Amino acid sequence: MSAGFQLLLGPGGAGPEGLPLELSWDGGVLKGVLRQENPVLGEIRLAFQSRLEGLRLRPLPLPPPCLEVGGEVQPQREGLLLKLEVALALPEGKSWGERAFFRLLQAVFFHALEKTLSQQRGVGV
C-alpha cells in the first residue's frame, strides 16, 4: 500500500508550514521525519531517506517502522516540486494476528496522511 502526493519546497528546502514534516538535504540525500498522531499508538515518528539520482528520488533502506519515499523532483521558479510516492515499512508480522494488525495500522496511517495533506496549502494529493 502506498500513497502519492506533491509537495512544493521553497528556497532553501522549506516545506509548507503547518505540515508535521521535518525535511533536510544532506548532499544528494533527502532526509525527513513525518510525525503523526495515531489513535492506537499515540504520536509516531517515521523517518525516511531518499537519494537524488538525476531528477529521481530513490528510497534508502532504514529499519522499520519507517517510510520509503521515492518520486521525482521538478525545479520550479518558486523552488522544487516533489512528486512523492510514500510507502509505510513495518516489521514483518510473524503471526496472522500481527499481519492483520499491521494492515490496520497502514490503513489508519494512509487515511490520516491523506486528511492532513488535503488540509495543507502547497501540498497536493
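Note: the structure precedes this text.
## Brief notes about the pattern of salt bridges
Part 1 of the reasoning: With the rule as written, the count across this model stands at five salt bridges.
Part 2 of the reasoning: Arg-35 serves as the salt-bridge partner of Glu-22, at 3.1 Å between the closest nitrogen and oxygen. Separated by 13 residues along the polypeptide, Glu-22 in strand S2 (residues 21–26) and Arg-35 in strand S3 (residues 29–38) bring together distant segments of the chain.
Part 3 of the reasoning: Taking relative accessible area as the criterion, Glu-22 reaches 35% and is therefore assigned partly exposed.
Part 4 of the reasoning: For Arg-35, a relative accessible area of 26% puts it in the partly exposed group.
Part 5 of the reasoning: The salt bridge partner of Arg-56 is Glu-72, with a shortest N-O separation of 3.8 Å.

## Digging into the packing of aromatic side chains
Part 1 of the reasoning: Under the criterion given, the structure shown has one aromatic pair.
Part 2 of the reasoning: Between Phe-101 and Phe-102, the aromatic rings sit 6.2 Å apart at their centres with planes inclined by 45°, giving tilted as the arrangement.
Part 3 of the reasoning: Residue Phe-101 is classed as partly exposed on the basis of its relative accessible area of 33%.

## So, unusual backbone geometry
Part 1 of the reasoning: A cis amide bond, omega 0°, links Pro-64 with the succeeding residue Pro-65.
Part 2 of the reasoning: Note on placement: Pro-65 falls in the loop between strand S5 (56–59) and strand S6 (66–76).

## A word on the nonpolar core
A general feature of soluble globular proteins is that nonpolar side chains tend to end up buried together.
Part 1 of the reasoning: In this structure, Leu-67, Leu-82, Leu-84 and Phe-109 are the most contacted members of the largest nonpolar core, which totals 20 residues.
Part 2 of the reasoning: Contributions of two or more residues to this core are made by strand S1 (2–9), S3, strand S4 (42–53), S6, strand S7 (79–89) and helix H1 (96–118).
Part 3 of the reasoning: Among the elements that make up this core, the one with the highest residue count is S7 (four residues).
Part 4 of the reasoning: Apart from residues no more than four positions distant in its own chain, Leu-82 is found in contact with Phe-5, Gln-6, Leu-7, Leu-9, Leu-30, Leu-57, Glu-72 and Val-73.

## Here we look at empty space enclosed by the protein
Part 1 of the reasoning: In this structure the tally under the stated criterion is two cavities of 30 Å³ or more.
Part 2 of the reasoning: Taken as a whole, the largest cavity holds about 120 Å³ of empty space.
Part 3 of the reasoning: If you go around the largest cavity, you meet 15 residues; those closest to its centre are Phe-5, Leu-21, Phe-48, Leu-84 and Val-86.
Part 4 of the reasoning: Taken together, the elements giving at least two residues each to the lining of the largest cavity come down to S1, S2, S3, S6, S7 and H1.
Part 5 of the reasoning: Considered class by class, the residues forming the lining of the largest cavity number 15 nonpolar, no polar and no charged.

The rules behind these values
Residue numbers here run from 1 along each chain, matching the order of that chain's written sequence. Local features are withheld for residues below a pLDDT of 70 in this predicted model, meaning they are given only at 70 or higher, and side-chain atom pairs are given and counted only at 80 or more; totals for whole chains, interfaces and linings count all residues. Think of the side-chain values as coming from all heavy atoms in the structure, minus any hydrogens and water. Should a side-chain nitrogen of Lys or Arg be within 4 Å of a carboxyl oxygen of Asp or Glu, the pair is scored as a salt bridge. Where helices and strands are cited, they refer to DSSP runs of H or I of at least four residues and of E of at least two residues respectively, numbered from the N terminus. Any residue under 20% of the maximum accessible area for its type is buried, any over 50% is exposed, and the rest in between are partly exposed; the area is computed with a 1.4 Å probe on protein chains only. Pairing of aromatic rings covers Phe, Tyr and Trp, the last counted by its six-membered ring, and requires centre-to-centre distances within 6.5 Å; plane angles under 30 degrees mean stacked, over 60 mean edge-to-face, and any other angle means tilted. Here, nonpolar core refers to any group of buried Ala, Val, Leu, Ile, Met, Phe, Trp, Tyr and Cys residues whose side-chain atoms link them within 4.5 Å. The contact criterion used throughout is that any non-hydrogen atoms of two residues lie within 4.5 Å. Both cavities and pockets are sets of points on a 1 Å grid over the protein atoms alone; in a cavity a 1.4 Å probe fits but cannot get out, in a pocket the set is open with protein on both sides within 12 Å along at least five of seven lines, and lining residues sit with an atom within 4 Å of a point. Grid points are joined across faces, edges and corners, and a volume is the space filled by probe spheres set on the points. Only Asp, Glu, Lys and Arg are considered charged in this grouping, and only Ala, Val, Leu, Ile, Met, Phe, Trp, Tyr, Cys and Pro are considered nonpolar; every other residue, Gly among them, is considered polar.

Distances and angles like these do not, on their own, reveal function.
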